[in-house]
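Below, each chain spelled out in residue letters.
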Amino acid sequence: MTVLTANTTSNATTSTDPSALVCPITGRTAPPATPPAPVTLTSPPAPAAAFTERYLLDPAVNADPYGYLNSLRDHDPVYWSAMHRAWLVTGHAQLMHCLRDPAVSAERVRPLMDAVPEGAREDAERAFAILSRWMVFNDAPQHRRLRQVFQEQFAARSIGRYRAFVERATRAMLARRAVPGRIGDLVADIARPLPALVFARWLGVPQAHGPSFWYWNARVGDLVLGAAQEEREYRTSLQSLVNLDDYLADLVQQRRADPKDDLISAVLAGGQIGKSVSEEEFVGMLTQMAFAGGETTSNLIVNAVLALLEHPEQLAAVREDPQLVSMAVEEAMRFDGPSKMSIRTAARDFDLDGRSVRAEERLFLVTAAANRDPARFADPDLFSVRRGSASHLGFGFGAHFCIGAAFARLVAGAVVDVLVREYPGLELLDRQQHTWQLSLLNRALTALPVRY
């Protein structure tokens with residue numbers, strides 16, 4: 001994704017001592033190799049360790065970001081990064097300010113377009129017109145107008161109608177792929193295919209069309225999340241978005257002629273498509289729903305199960321009291337959620353915590369850091385299923401609160417519930433071999449080896 005040049009200078013301080021050893025995980029200065037000499041009463045206090053900025057896609061930071069993000073937030077919760085050419089907002093209060101302030105814009109299709117190689121530009125015009133209809137890339141009042149046609153169908157009471165189906169699908173998939181005692185990969189066995197299966201069923205995609213549908217979604221993800229780098233990859237991603245749009249436009253026409261028990265039919269029955277929202281906008285938003293329907297929920301399932309298996313006392317608490325399942329899912333969203341940050345742009349000059357943010361400058365809203373802010377959460381680095389607070393920012397806040405939150409909670413809760421109660425032998429394997437996808441935005445394991 002293209003970075004925007006900013007005029008603000010960096011306020012980072014870096015160590016000038018070439019012998020300083022910086023921990024690759026925490027970003028803090030390592031202790032000396034030998035014990036220090038005893039300090040006398042007349043000795044001056046030791047200077048505080050200097051903060052050293054690190055690249056957020058450094059593999060070590062990507063694998064375990066929290067120590068570094070804690071040190072960044074402690075150093076400056078609103079930090080201008082010359083390295084990333086963006087403001088890194090890591091404090092909970094400061095991030096909440098950004099999510100409330102209309103000066104912080106979600107419109108970021110243009111930077112995506114700017115990143116496309118020249119050779120792929122001719123393919124890009126229609127694809128980026130589709131992206132411009134995604135509600136997550138729109139500000140008020142457009143965002144509100146687009147979102148309201150889906151609001152009722154994504155409400156928790158509407159999603160709840162699918163609870164029995166989700167539970168049946170979870171048990172059926174686990175019965176086929178997770179035989180007790182078998183070694184497997186939780187990502188490939190259940191976390192990735194189950195949300196895709198459930199969302200496709202809800203959207204109304206026939207099972208036979210599933211492979212093409214989810215291939216296109218994966219390639220759209222390469223574009224939106226910045227994984228596409230080469231011209232060939234961009235062309236594939238752009239064409240996949242167009243293919244997805246064409247497919248869903250045809251599906252909408254089918255549902256107009258022959259309604260079913262699915263999301264598309266329900267929204268069409270509401271009577272707003274063609275009035276407050278055009279059919280072209282509706283189809284564009286469906287491509288967003290299709291892309292988002294599996295990714296966040298898959299990562300939430302994996303991260304929640306990983307957190308429970310790495311904290312046996314919390315796993316035991318949930319097994320003893322299944323009512324804690326929903327709290328475990330919320331705590332996983334806070335502790336190690338599926339999204340590390342979102343990217344915004346300043347629509348105009350504004351003040352943020354005493355900093356002057358200029359129009360067009362980028363802001364990285366680092367929810368992974370804000371969700372561990374000790375000013376908001378007691379013992380923030382502790383995973384506790386009894387924390388009892390849903391005030392995390394894992395699903396966002398305000399106008400851009402994740403419209404699919406109820407869906408993600410339902411599917412993730414069903415998987416965690418069945419695994420916790422019906423798989424007493426579930427255990428981690430190769431815990432030192434976990435590989436995290438290299439991404440600024442997502443927090444996603446490539447695999448989670450377990451014994452069921």
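Placed above this text is the structure.
Residues numbered from 1 in each chain as written. Predicted model: local features only at pLDDT ≥ 70, side-chain atom pairs only at ≥ 80, totals over all residues. Heavy atoms only, no water.

## Here we look at the side chain of histidine 92
Okay, step 1: Structurally, histidine 92 is set in helix 3 (residues 92–100).
Okay, step 2: Non-local contacts of histidine 92, meaning those with residues more than four positions away in its chain, are made with Ala370, Asp373, Arg376, Phe377, Ser391 and Leu393. (Helix = DSSP H or I, 4+ residues; strand = E, 2+ residues; numbered from the N terminus. Contact = heavy atoms within 4.5 Å.)

## Section: the nonpolar core
Okay, step 1: If you look at the biggest cluster of nonpolar residues, it comprises 104 residues, and the most contacted ones within it are Phe150, Leu203 and Phe282.
Okay, step 2: Per element, the largest residue contribution to this core is 16 residues, and it comes from helix 14 (residues 279–310).
Okay, step 3: Excluding residues within four positions of it along the chain, leucine 203 makes contact with Phe213, Leu248, Asp262, Leu263, Ile264, Leu286 and Ala290. (Core = buried A, V, L, I, M, F, W, Y, C linked by side-chain atoms within 4.5 Å. Buried < 20%, exposed > 50% of the residue type's maximum accessible area, 1.4 Å probe, protein only.)

## Structural notes on the pairing of strand 8 (residues 362–365)
Okay, step 1: Of the two faces of strand 8, the one lined by Arg362 and Phe364 and the one lined by Leu363 and Leu365 are each fully buried.
Okay, step 2: By the bridge criterion, three bridges tie strand 2 (residues 86–89) to strand 8 in an arrangement that is parallel. Note that in strand 8 the partner of valine 89 across the bridge is leucine 365.
Okay, step 3: As defined by bridge partners, strand 5 (residues 342–346) adjoins strand 8 across four bridges and the pair is classed as antiparallel. (Pairing = 2+ DSSP bridges.)

## Comments concerning the packing of helix 16 (residues 325–336) against helix 18 (residues 405–422)
Okay, step 1: Viewed as axis vectors pointing N to C, helix 16 and helix 18 meet at an angle of 115°, and their least axial separation amounts to 9 Å. For the pair helix 16 and helix 18, the crossing hand works out as right-handed. The segment helix 16 lies against helix 18, with Val325, Val329 and Glu330 engaging Arg409, Ala412, Gly413, Val416 and Asp417.
Okay, step 2: Its residues assigned to classes, the contact of helix 16 with helix 18 shows four nonpolar, one polar and three charged. (Axes fitted to C-alpha atoms, helices over the stretch in contact; angles between N-to-C directions. Left-handed = near helix turned anticlockwise from the far one by under 90°. Nonpolar A, V, L, I, M, F, W, Y, C, P; charged D, E, K, R; others polar.)

## Regarding the sheet that holds strand 3 (residues 104–105)
Okay, step 1: Spatial strand order, 1-2-8-5-3: five strands in an open sheet with mixed pairing. What marks the edges here is a single partner per strand, and that holds for strand 1 (78–81) and strand 3.
Okay, step 2: In the packing of helix 3 onto the sheet, contacts are made with strand 1, strand 2, strand 3, strand 5 and strand 8, and the angle to strand 8 comes to roughly 125°.

## As for the pairing of strand 2
The two faces of a sheet get side chains in turn, since along a regular strand they alternate between them.
Okay, step 1: Judged by which residues are buried, strand 2 turns out to be covered on both faces: Ala86 and Leu88 on one side and Trp87 and Val89 on the other are all buried.
Okay, step 2: Across four bridges, strand 1 lies against strand 2 in antiparallel orientation. Looking across to strand 2, one finds that valine 78 is bridged to valine 89.
Okay, step 3: The antiparallel pairing of strand 1 with strand 2 creates a hairpin that spans four residues between the two strands, and arginine 85 there sits at a positive phi of about 50°.

## Section: the environment of alanine 412
Okay, step 1: Tracing the chain through its elements places alanine 412 in helix 18.
Okay, step 2: What alanine 412 contacts, discounting residues up to four positions off in sequence, is Thr297, Leu300, Ile301 and Val329.

## Side note on helix 11 (residues 210–224)
Okay, step 1: Taking 1.5 Å per residue as the helical rise, helix 11 with its 15 residues ought to reach 21 Å, and the 21 Å between its terminal C-alpha atoms agrees with that figure.
Okay, step 2: Of the positions making up helix 11, those classed as buried are Gly210, Phe213, Trp216, Asn217, Val220, Gly221, Leu223 and Val224. Taken around the axis of helix 11, the buried residues stretch over an arc of 155°, which confines them to a single face.
Okay, step 3: The positive-phi residue at the C-terminal boundary of helix 11 is glycine 226, with phi of around 85°. (Expected span 1.5 Å × (residues − 1). Arc of directions from axis to C-beta.)

## Regarding the sheet that holds strand 9 (residues 427–428)
Okay, step 1: The strand order across the open sheet formed by three strands is 4-10-9, and the pairing between neighbours is antiparallel. Two strands bound the open sheet, and with one partner strand each, they are strand 4 (183–185) and strand 9.
Okay, step 2: As paired elements, strand 4 and strand 10 (residues 449–451) share three bridges and run antiparallel to each other. Bridge pairing in strand 10 links glycine 184 to valine 450.

## A short note on the pattern of salt bridges
Okay, step 1: Applying the stated criterion across every chain, the model contains 24 salt bridges.
Okay, step 2: Salt-bridge contacts for arginine 443 lead to aspartate 336; the nearest nitrogen and oxygen are separated by 2.8 Å. Within this pair, whereas arginine 443 is found in the loop between strand 9 and strand 10, its partner aspartate 336 is found in helix 16, the two being separated by 107 residues in sequence.
Okay, step 3: Salt-bridge contacts for arginine 421 lead to aspartate 417; the nearest nitrogen and oxygen are separated by 2.8 Å. Here arginine 421 and its partner aspartate 417 are both found in helix 18, four residues apart, which amounts to about one turn of the helix.
Okay, step 4: With a relative accessible area of 43%, arginine 421 lands in the partly exposed category.
Okay, step 5: For aspartate 417, a relative accessible area of 17% translates into the label buried.
Okay, step 6: Linked by salt bridges that have partners in common, Arg73, Asp74 and Asp373 make up one network. (Salt bridge = Lys/Arg side-chain N within 4 Å of Asp/Glu carboxyl O.)

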